There are 2 protein chains.
Amino acid sequence: MARAVQKRTLETRARLVAAAEKVISEVGYDGLRVEQVVQRAGVAKGTFFAHFPDKDALMDLLMGARMDAILDEVGHRPPPRSTAELVDSLMPLLRFMTCERYVFDVILRHSGAAARSEIGPIAMNFGRQIDLLADKLTNGPFRSDIDSGLLAEGVQAFAVQAMALVFCALHNETDLRARLTVYLDAWLMPPR
Amino acid sequence: MARAVQKRTLETRARLVAAAEKVISEVGYDGLRVEQVVQRAGVAKGTFFAHFPDKDALMDLLMGARMDAILDEVGHRPPPRSTAELVDSLMPLLRFMTCERYVFDVILRHSGAAARSEIGPIAMNFGRQIDLLADKLTNGPFRSDIDSGLLAEGVQAFAVQAMALVFCALHNETDLRARLTVYLDAWLMPPR
DNA sequence: ATTTTATATTGACCGCGGTCAATTATTGAG
DNA sequence: CTCAATAATTGACCGCGGTCAATATAAAAT
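Chain A has the name Transcriptional regulator, TetR family in an unreviewed UniProt entry, where Shimia aestuarii is given as its organism.

Secondary structure summary: chain A contains 9 helices and 0 strands in total. Along chain A, helices and strands appear, N-terminal first, in the series α-α-α-α-α-α-α-α-α. Each principal axis of the C-alpha atoms in chain A carries an extent, and together these give about 60 × 45 × 30 Å. The burial tally for chain A puts 51% of its 192 residues in the buried class. Long-range contacts, defined here as pairs at least 24 residues apart, represent 64% of the contacts in chain A between residues at least 6 apart. Counting every atom, chain A has about 9500 Å² of accessible surface; 54% of that belongs to carbon and sulfur. Positive and negative charge centroids in chain A, built from 23 and 24 side chains respectively, lie 6 Å apart.

We now examine helix α8 (residues 148-166) of chain B. All names here are of chain B. Across its 19 residues, α8 extends 27 Å between first and last C-alpha, which sits within 8% of the 27 Å expected from 1.5 Å per residue. Along α8, 19 of the 19 residues are buried, which leaves the element largely enclosed by surrounding structure. For α8, the N-terminal cap is Asp 147; the gap from its side-chain oxygen to the backbone nitrogen of Gly 149 is 2.7 Å.

A word on the protein's contact with DNA strand D. Near DNA strand D there are 22 residues, and of these A:Thr12, A:Thr47, A:His51, B:Lys45 and B:Lys55 occur at the shortest range. Within the side chain of A:Arg8, a nitrogen or oxygen atom sits 3.1 Å from a sugar or linking oxygen of DNA strand D. Listing elements by their share of the surface near DNA strand D, those giving two or more residues are α1 (7-27) and α3 (45-51) of chain A together with α3 (45-51) of chain B. Among the elements that make up the surface near DNA strand D, the one with the highest residue count is α3(A) (4 residues). Broken down by class, the residue content of the surface near DNA strand D amounts to 6 nonpolar, 8 polar and 8 charged.

Turning our attention to the side chain of B:His110. All names here are of chain B. Mapped onto the elements of the fold, His 110 is located in helix α6 (residues 101-111). Reaching out from His 110, the side chain makes a polar contact with the backbone oxygen of Val 106 at a distance of 3.0 Å. Beyond its immediate chain neighbours, meaning those up to four positions away, His 110 contacts Asp 56, Asp 60, Ile 122 and Ala 123.

Attention shifts here to the pattern of salt bridges. Applying the stated criterion across every chain yields a total of 20 salt bridges over all chains. Members of the salt-bridge network, linked through shared partners, are A:Asp68, A:Asp72 and A:Arg128.

On to the packing of helix α4 (residues 55-75) of chain A against helix α6 (residues 101-110) of chain A. Residue and element names in this part refer to chain A. Running from amino to carboxyl end, α4 crosses α6 at an angle of 95°, the nearest separation of the two axes being 10 Å. Regarding the angle of α4 to α6, the classification is roughly perpendicular. In this structure, α4 contributes Lys 55, Asp 56, Met 59, Asp 60, Met 63 and Met 67 to the contact, and α6 contributes Tyr 102, Val 103, Val 106, Ile 107, Arg 109 and His 110.

Our focus in this paragraph is unusual backbone geometry. Positive phi outside glycine occurs at A:Asn139, with the angle close to 65°. Given a relative accessible area of 81%, A:Asn139 falls into the exposed group.

This part is about the UniProt feature "DNA-binding region" (unreviewed entry) in chain A. Annotation from UniProt places "DNA-binding region" (unreviewed entry) at residues 33-52 of chain A. From the first C-alpha to the last, residues 33-52 of chain A spans 14 Å; its make-up is 75% helix and 0% strand.

Right, let's get into the protein's contact with DNA strand C. Contacts to DNA strand C come from 22 residues, most closely from A:Lys45, A:Lys55, B:Thr12, B:Ala44 and B:Thr47. Here DNA strand C approaches the protein such that, of its atoms within 4 Å, sugar and phosphate make up 70%. Between B:Arg8 and DNA strand C, the recorded distance is 2.9 Å, taken from a side-chain N or O atom to a sugar or linking oxygen. Contact distances for DNA strand C include 3.1 Å between a phosphate oxygen and a side-chain N or O atom of B:Thr9. Among the elements that line the surface near DNA strand C, the one with the most residues is α3(B), at 4 residues.

Another point: helix α2 (residues 34-41) of chain A. All names here are of chain A. All of the buried residues along α2 are Val 34, Val 37, Val 38 and Ala 41. The arc that holds the buried residues of α2, viewed along the axis, is 90°, so those residues lie on one side. Positive backbone phi, approximately 70°, marks Gly 42, located one or two places after α2.

Let us now look at the relation of the copies chain A and chain B. When chain A is brought onto chain B, the operation consists of a screw motion whose angular component is 180° and whose axial shift is 0.0 Å, with 0.2 Å RMSD remaining. Read as a symmetry element, the transformation amounts to a two-fold axis. When the interface residues of chain A are mapped onto chain B, 94% of them again fall at the interface, so both copies present the same face.

Parameters at a glance
- What you see as residue numbers is a count from 1 along each chain, following the sequence as written.
- Chain letters and ligand numbers both follow the written order, the letters beginning at A and the numbers at 1.
- Selection of residues for local features in this predicted model requires a pLDDT of at least 70, selection of side-chain atom pairs for listing and counting requires 80 or more, and totals for whole chains, interfaces and linings are taken over all residues.
- Excluding hydrogens and water, the side-chain values take into account all heavy atoms of the structure.
- The way it works is that DSSP assigns letters per residue, a run of H or I at least four long becomes a helix, a run of E at least two long becomes a strand, and they are numbered from the N terminus.
- Burial status follows relative accessibility: with a 1.4 Å probe on protein chains alone, a residue under 20% of its type maximum counts as buried, one over 50% as exposed, and anything between as partly exposed.
- Any two residues whose heavy atoms approach within 4.5 Å at even a single point are treated as in contact.
- Computed with the Shrake-Rupley method and a 1.4 Å probe, the accessible areas treat only the protein chains shown as cover for residues.
- Charge assignment: positive for Lys and Arg, negative for Asp and Glu; neither His nor the chain ends contribute.
- Charged side chains are reduced to one point each, which is NZ for Lys, CZ for Arg, CG for Asp and CD for Glu.
- Expected span of a helix, by definition, is 1.5 Å for each gap between consecutive residues, and there is one gap fewer than residues.
- Counted as a polar contact is a pair of N or O atoms within 3.5 Å, where, for protein atoms, one must be capable of donating a hydrogen and the other of accepting one, and residues adjacent in sequence contribute only when both atoms are in side chains.
- Definition of nearness: a residue and a molecule or strand are near each other if at least one heavy atom of the residue lies within 4 Å of the molecule or strand.
- Under this grouping Gly is polar, as are all residues other than the nonpolar Ala, Val, Leu, Ile, Met, Phe, Trp, Tyr, Cys and Pro and the charged Asp, Glu, Lys and Arg.
- Basic side-chain nitrogens of Lys or Arg form a salt bridge, by our definition, when they fall within 4 Å of a carboxyl oxygen of Asp or Glu.
- Interaxial angle, 0 to 180 degrees, is taken between N-to-C directions of lines fitted to C-alpha atoms, where a helix line uses only the stretch in contact.
- Roughly parallel means an angle under 35 degrees; roughly antiparallel means over 145; roughly perpendicular covers 65 to 115; every other angle is labelled oblique.
- UniProt positions are given in the numbering used here, feature names are shortened, and annotations may be inferred rather than shown by experiment.
- Our arc is simply the arc of the directions from the helix axis toward the C-beta atoms.
- For the least-squares superposition of copies, only C-alpha atoms count, and only for residues with pLDDT at least 70 in both.

Here it is, written out as structure tokens:
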């Protein structure tokens, strides 16, 4: 029979996560080195990989947590009454997802809307986004010929498309907002 | 004044590309190792990086070439008269883009590349896709309230969304086709 | 032909993610 | 408490992408 998790294990893991967050606050996600994390946490390199299958898994955890926090806050707002309001409510999330090129890459890779069989924190968050969006989009001023789940998936697809353009040198956040608005107007409010 | 490119340079580059294609045909894109490519090409490792900024650049080149070839063939067909036909004509491209998870990752990473000056083959191909799609979608049986360029961008966004789901363990190609059809019906033919 | 300059190639070396056999700590059973 | 079983930790080591000062080769200048 399986033994209980040792207290030590939880402490080590917590120290690793704390150290990682500290490192990220100093050098960004892209600048994080596992070597430096374990040094700060006061453990050996192997210990890191006993707690996380790979570096990506740590990133998944940390980014997923950030995204969940943002979603929690956004979730409380009243349903949007226009695509502009919808885009506004999405912006905090999109801003984080595009804060670094590396962040966007990792998120895409783990979105499950992008490419993983096992469901991690980021994939879970993408699922939450769909649920939340679907909820907010029902009974709004938007098209009602298709179900709100499909509507939500479309919003996500267009959001990804719009974010990808942020990393084309010439675009900035204003473009992101404007472009997404154009997409969502066409997607959510076709002429009836 | 700039000197002409040496014949030797072109030969070396050609040998590297040929070797890479051979390796890929044996072990797939994901299995390619630079070490093995240079060994086959009969050059030193450093030579590879004198010809390509990094491994990704080689992948960009090879995958972009494949995608261009596929697009060339698909481009000749008559314009689709339904979303089903449109999806059919997209399938060869989507099939290649999802042939390996690694391939899809690389393509996503390069699809909206960095600076205009350093736009690569894959990014170019994504541009071609938009142009070709926009062309085929004009004067078709699809919605005409928005311009065909926007229409095409939406198709691309939904195609990416649909492809991403291929890598969630439970989905297969049938799902890709079916899912994309649902998306594009909603996008291209909203009830008027 | 010889020197000078630009370009191509080389391979030892580095950084960093990830592995694993050996070691140490924890726990439950007698 | 002792001891065997299990779990956690360690750090030397590996694979592989990428760098760079040294070297070799080609092309232009004399």
